[in-house]
Amino acid sequence: MGQKKDLTGSEKSKIVRYLAEGCSSLKIAKLLKRDHRTIKRFIQNSQQGRKKRVEKPRRKITAHELRKVKCAAAKMPLATSLAIFQSCNITGVPKSTRCAILRDMAKVRKAERRPPLNKTHKLKRQDWAKKYLKTDFSKVLWTDEMRVSLDGPDGWARGWIGKGQRAPVRLRRQQGGGGVLVWAGIIKDELVGPFRVEDGVKLNSQSYCQFLEDTFFKQWYRKKSASFKKNMIFMQDNAPSHASKYSTAWLARKGIKEEKPMTWPPCSPDLNPIENLWSIIKCEIYKEGKQYTSLNSVWEAVVAAARNVDGEQIKTLTESMDGRLLSVLAKKGGYIGR
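What you see is a predicted model; the values in this text were computed from it and never measured.

Draft legend 1. Molecular detail of the side chain of serine 205. Here serine 205 is to be found in helix H8 (residues 205-219). Polar contacts involving the side chain of serine 205 include one to the side chain of serine 244, which spans 2.6 Å. Excluding residues within four positions of it along the chain, serine 205 makes contact with Pro240, Ser241, Ser244, Tyr246 and Ser247.

What follows is the structure, given as structure tokens:
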């Protein structure tokens, strides 16, 4: 007599369903046309559950070795556990033990993204802070561009999932499905824009100036009083399209010349408060891992999120400049975070 076949996955699912409906093991055997003992054995094994994992004793390391590991972890950020232990000449330690030891003294974190600051950059940041230390920042218009994609930044689609629930499915697209370039400004407690750069347009000096003409100057700046225009300071970073001779001359013809354009130190996004506004907007439009199916839909989400940013939030950002300048001086031009 040949050996009987094991229960298939489909049969196991049916057994569970029949049990939930109150069927006996004998009735289930008849419905599936299987031996009653096979059904009973499966039910008994399922009810026993998984065996509790027995923790094996760790491979102990000496106090001297532990100090060496701690020093190596401090000197080698983002290194693997294997690399850290090998640098200490500690061999024969399994990965689980290495990680357990490191968890007591370190955390797994991603590298922070920030511009590289050399000695020259730091000196220029200090000079900039000294120059504008007594500035009335309520008269400074802080501007910048931001690109938003359909899927949002990597890693933003994480969150808690209840037990028994499946994680939602995310769309996968070539090159992230493209994105929208957005320009905006903030001054005192007011948001200027946001304005959308036309799809497919690369912002060189000519297209950047034309964009400012069609949006910022026609829709906002020309409505302001002469006294406002006289006192306003225009801030933009050192992107090639911003700092070129063409753009500088064009802005001068618009009346933004001499001391009215703010000089900007290199590699200093941490000093621009509008970067914090971009973070607020991105957190809103990509909350709960949201994705978009078209460029128009993500643009509409940006506009809606910008409308929800009230004047007090913007005022908090623009009034933070005095503290940022003091931090730059205290850190001798170092990065201050945001």
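Draft legend 2. Summary view of the pattern of salt bridges. If you walk through the whole model with that rule in mind, you get 9 salt bridges. One salt bridge connects arginine 37 with aspartate 35, and the closest N-O pair in it is separated by 3.1 Å. Given the relative accessible area of 58%, arginine 37 is considered exposed. Taking relative accessible area as the criterion, aspartate 35 reaches 24% and is therefore assigned partly exposed. The residue arginine 125 makes a salt bridge to aspartate 270 at a minimum N-O spacing of 2.8 Å. Of this pair, arginine 125 sits in helix H7 (residues 119-131) while aspartate 270 sits in the loop between helix H11 (245-253) and helix H12 (274-285), and the two are 145 residues apart along the sequence.

Draft legend 3. Representation of the pairing of strand S1 (residues 140-149) in the model. Across the 10 residues that make up S1, a large majority, 8, are buried. Sheet topology places S1 next to strand S4 (residues 233-235); 3 bridges connect them, and they run parallel. Within S4, the residue paired with valine 140 across the bridge is isoleucine 233.

Draft legend 4. Representation of the packing of aromatic side chains. Under the counting rule described, the total for this entry stands at 15 aromatic pairs. Where tryptophan 220 meets phenylalanine 228, the ring centres are 5.7 Å apart and the plane angle is 75 degrees; that geometry is what we call edge-to-face. Measuring from ring centre to ring centre gives 6.3 Å for tyrosine 286 and tyrosine 292, while their planes differ by 70 degrees; the resulting arrangement is edge-to-face. What makes tyrosine 286 buried here is its relative accessible area of 3%. What makes tyrosine 292 buried here is its relative accessible area of 6%.

Draft legend 5. Helix H2 (residues 25-32), seen in detail. All of the buried residues along H2 are Ile28, Ala29 and Leu32. The arc enclosing the buried residues of H2, seen along the axis, measures out at 105 degrees, which places them on a common side. One or two steps after H2, the chain reaches lysine 33, where phi turns positive at roughly 60 degrees.

Draft legend 6. Quick peek at unusual backbone geometry. With an omega of 5 degrees, the peptide bond running from glycine 193 to proline 194 counts as cis. The residue proline 194 is located in strand S3 (residues 190-196) in this model. The backbone of lysine 33 sits at a positive phi, close to 60 degrees, despite the residue not being glycine. Topologically, lysine 33 is positioned in the loop between H2 and helix H3 (36-48). Looking at lysine 33, the relative accessible area reads 75%, which means it is exposed. The phi torsion at glutamate 258 lies on the positive side, around 55 degrees, for a residue other than glycine. Examined against the element boundaries, glutamate 258 turns out to sit in the loop between H11 and H12.

Rules and cut-offs
Residues numbered from 1 in each chain as written. Predicted model: local features only at pLDDT ≥ 70, side-chain atom pairs only at ≥ 80, totals over all residues. Heavy atoms only, no water. Helix = DSSP H or I, 4+ residues; strand = E, 2+ residues; numbered from the N terminus. Polar contact = N/O pair within 3.5 Å; in protein donor to acceptor, adjacent residues only side chain to side chain. Contact = heavy atoms within 4.5 Å. Salt bridge = Lys/Arg side-chain N within 4 Å of Asp/Glu carboxyl O. Buried < 20%, exposed > 50% of the residue type's maximum accessible area, 1.4 Å probe, protein only. Pairing = 2+ DSSP bridges. Phe/Tyr/Trp six-rings, centres within 6.5 Å; stacked < 30°, edge-to-face > 60°. Arc of directions from axis to C-beta.

Everything listed is a geometric property; what it means functionally is a separate question.
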